[in-house]
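Chain and residue survey
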Amino acid sequence: MKDRYIAITGATAGIGRATSLELARRGARLTLFCRNREKASKLSRDITTVGGAEPAIIHMDMADLGSVRRAAETFLANHKRLDVLLNNAGVVNTTRKVTADGYEETFAVNHFAPFLLTGLLLPVLLRSEGARIVNVSSAAHAFVKDMGYDDMQAERKYGTFHEYGRSKLANILFTRRLARDLHGRGVTVNCLHPGAVSTSLGTQNSGLLSRVLPLLLKPFFLTPEQGAKTSIYLCCSDAVAGVSGQYFVKCKQRQPKIWAQDDEAADKLWDYTERCLGFRYPL
Ligand SMILES: NC(=O)c1ccc[n+]([C@@H]2O[C@H](COP(=O)([O-])OP(=O)(O)OC[C@H]3O[C@@H](n4cnc5c(N)ncnc54)[C@H](OP(=O)(O)O)[C@@H]3O)[C@@H](O)[C@H]2O)c1
């Protein structure tokens, strides 16, 4: 990883934080796309403490597509190279929330934002030899068999697991379609399930259950450092150089659910997303 340029979302907590510290320890030069400057500064100090280079910090709120665009512009203005883009940030909401752009937040943060960020950074990835895109998905894609285009904004019915599962299915379909489009262009894209990991995911929700459940589950869950292993593997390992469009669990290639292997569904989601964002991929 020495002097490889890696940009990561959601580095300020949980799996992303553990991943960043390890990548920095291995010599990577990091850019942290974060919404919370204080947490980012604390992480920056911790990265230098483990011997890593001071990371670049770019403000980005993924619940605001304008913020994603500005963050990408800042990156492109300051960097000529990007070897790995790690789309790690994610959110789980127990009640329906709407973003600055008027979209249901789980889908907007977990799918729209990384779709847009990746598209905006694609030119610099294409210029960097052997670049990789890594998308953190989840086994929760199993909860939802199809996108459900008749209620994409969850206005009629909101279900925590349904909305989270739908966004994580979108991560896999996005990975498949992008891998097809990038075939022969020198950039790979893969996705992963990190395992069940004890992090702050979902703890921003109010209600006793969302506060108590993580504590009850903690002994059965992986630590963030254990949960970071597959992300680190996909960012770094020579074993996956040239592998693209795949889903990994415990650093092994696995088949996601059959509905996550549906290329027609991937194409439909791609067109839907480009329409919603008013953004055409530079391919
Ligand atoms: N934990 C698990 O068991 C598990 C299982 C399967 C998949 N995953 C996936 O793993 C990834 C990381 O999750 P985690 O468990 O490490 O969660 P986490 O501890 O809650 O960390 C989530 C990260 O995403 C960032 N984030 C959330 N909303 C954001 C927004 N609007 N703008 C910018 N950044 C935002 C958070 O920033 P702040 O620090 O500012 O809050 C934080 O850095 C997610 O994609 C999740 O779906 C987790």
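The structure this text deals with has already been given above.
One structure accompanies this document, and this report is about it. The structure displayed is predicted, hence computed values, not measured ones.

**Re the nonpolar core**
Core analysis: the largest hydrophobic core is formed by 56 residues, its most contacted members being Phe33, Leu121 and Leu125. The set of elements that each furnish at least two residues to this core consists of α3 (65–78), α4 (105–127), β5 (131–136), α5 (160–182), β6 (187–193), β7 (247–249) and α9 (263–277). No other element matches the 13 residues that α4 contributes to this core. When sequence neighbours within four positions are dropped, the list of residues in contact with Leu125 reads Leu82, Leu85, Ala131, Arg132, Ile133 and Val187. By size, the runner-up hydrophobic cluster in this structure holds 28 residues, among which are Ala11, Ala24, Leu192 and Leu234.

**Things to note about the site of the ligand**
In the region of the ligand, 30 residues are neighbours, and Thr12, Lys39, Tyr164, Val197 and Thr199 sit closest. Backbone polar atom of Met62 to a nitrogen atom of the ligand: 2.8 Å apart, as the coordinates give it. Separating an oxygen atom of the ligand from a backbone N or O atom of Val197 is a distance of 2.7 Å. When isolated, the ligand has an accessible area of 900 Å², and the protein chains bury 93% of it. Broken down by secondary-structure element, the contributors of at least two residues to the shell around the ligand are α1 (14–25) and α5. Taken together, the residues of the shell around the ligand break down into 14 nonpolar, 12 polar and 4 charged.

**Structural notes on unusual backbone geometry**
Non-glycine residue Ala154 carries a positive phi angle of around 50°. Tracing the backbone through its elements, the reader meets Ala154 in the loop between β5 and α5. Judged by relative accessible area, which is 2%, Ala154 ranks as buried. Phi at Cys251 takes a positive value of approximately 60°, unusual for a residue other than glycine. With respect to the secondary-structure elements, Cys251 resides in the loop between β7 and β8 (252–254). Residue Cys251 is classed as partly exposed on the basis of its relative accessible area of 24%.

**Quick look at the environment of Ala28**
Residue placement: Ala28 occurs in the loop between α1 and β2 (29–34). Remark: the alpha-carbon pair of Ala28 and Arg4, spanning 24 residues in sequence, is separated by 4.9 Å. In this structure Ala28 touches Met1, Arg4, Ile6 and Leu23, once residues within four positions along its chain are discounted.

**Thoughts on the sheet that holds β6**
The sheet built from 8 strands is open, its strands ordered β3-β2-β1-β4-β5-β6-β7-β8 with mixed pairing. The two strands at the open ends of the sheet, each matched to only one other strand, are β3 (56–59) and β8. Neighbour-to-neighbour, the strand axes of the sheet open up by a mean angle of 25°, direction not taken into account. Both β7 and β8 contribute to a ladder of 3 bridges, which runs antiparallel. Bridge assignment links Val249 to a residue of β8, and that residue is Lys252. The strands touched by α4 are β1 (5–9), β2, β4 (84–87), β5 and β6; relative to β4, the strand with the most contacts, the crossing angle is about 175°.

**Section: empty space enclosed by the protein**
Applying the stated rule across the entire model yields 2 cavities of 30 Å³ or more. Reported here for the largest cavity is a volume of approximately 80 Å³. What lines the largest cavity is a set of 14 residues, among which Asn87, Asn110, Pro114, Asn135 and Asn171 lie closest to the centre. Counting residues per element, the ones that place at least two in the lining of the largest cavity are α4, β5 and α5. Tallying contributions element by element places α4 first for the lining of the largest cavity, with 4 residues. Reported here for the second largest cavity is a volume of approximately 40 Å³. Arg132, Ile133, Val134, Thr188, Asn190, Leu234 and Val240 are the residues that line the second largest cavity. Those elements that place two or more of their residues in the lining of the second largest cavity are β5 and β6. For the lining of the second largest cavity, the leading source of residues is β5, giving 3 residues.

**Points about α9**
For α9, which comprises 15 residues, the first-to-last C-alpha distance of 21 Å matches the rise-based estimate of 21 Å (1.5 Å per residue) to within 8%. Ala266, Leu269, Trp270, Tyr272, Thr273, Glu274 and Leu277 are the residues of α9 that are buried. Lining the buried residues of α9 we find α3, α4 and α5. Its side-chain oxygen placed 3.0 Å from the backbone nitrogen of Glu264, Asp262 serves as the N-cap of α9. Note on α9: the residue one or two positions beyond its end, Gly278, has a positive phi of about 60°.

Here is what the cut-offs are and how they apply
Residues numbered from 1 in each chain as written. Predicted model: local features only at pLDDT ≥ 70, side-chain atom pairs only at ≥ 80, totals over all residues. Heavy atoms only, no water. Core = buried A, V, L, I, M, F, W, Y, C linked by side-chain atoms within 4.5 Å. Buried < 20%, exposed > 50% of the residue type's maximum accessible area, 1.4 Å probe, protein only. Helix = DSSP H or I, 4+ residues; strand = E, 2+ residues; numbered from the N terminus. Contact = heavy atoms within 4.5 Å. Near = heavy atom within 4 Å. Polar contact = N/O pair within 3.5 Å; in protein donor to acceptor, adjacent residues only side chain to side chain. Areas by Shrake-Rupley, 256 points an atom, 1.4 Å probe, with all protein chains shown as cover. Nonpolar A, V, L, I, M, F, W, Y, C, P; charged D, E, K, R; others polar. Pairing = 2+ DSSP bridges. Axes fitted to C-alpha atoms, helices over the stretch in contact; angles between N-to-C directions. 1 Å grid on protein atoms, 1.4 Å probe; cavity = no way out; pocket = protein on both sides within 12 Å on 5 of 7 lines; lining within 4 Å. Points joined across faces, edges and corners; volume = space filled by probe spheres on them. Expected span 1.5 Å × (residues − 1).

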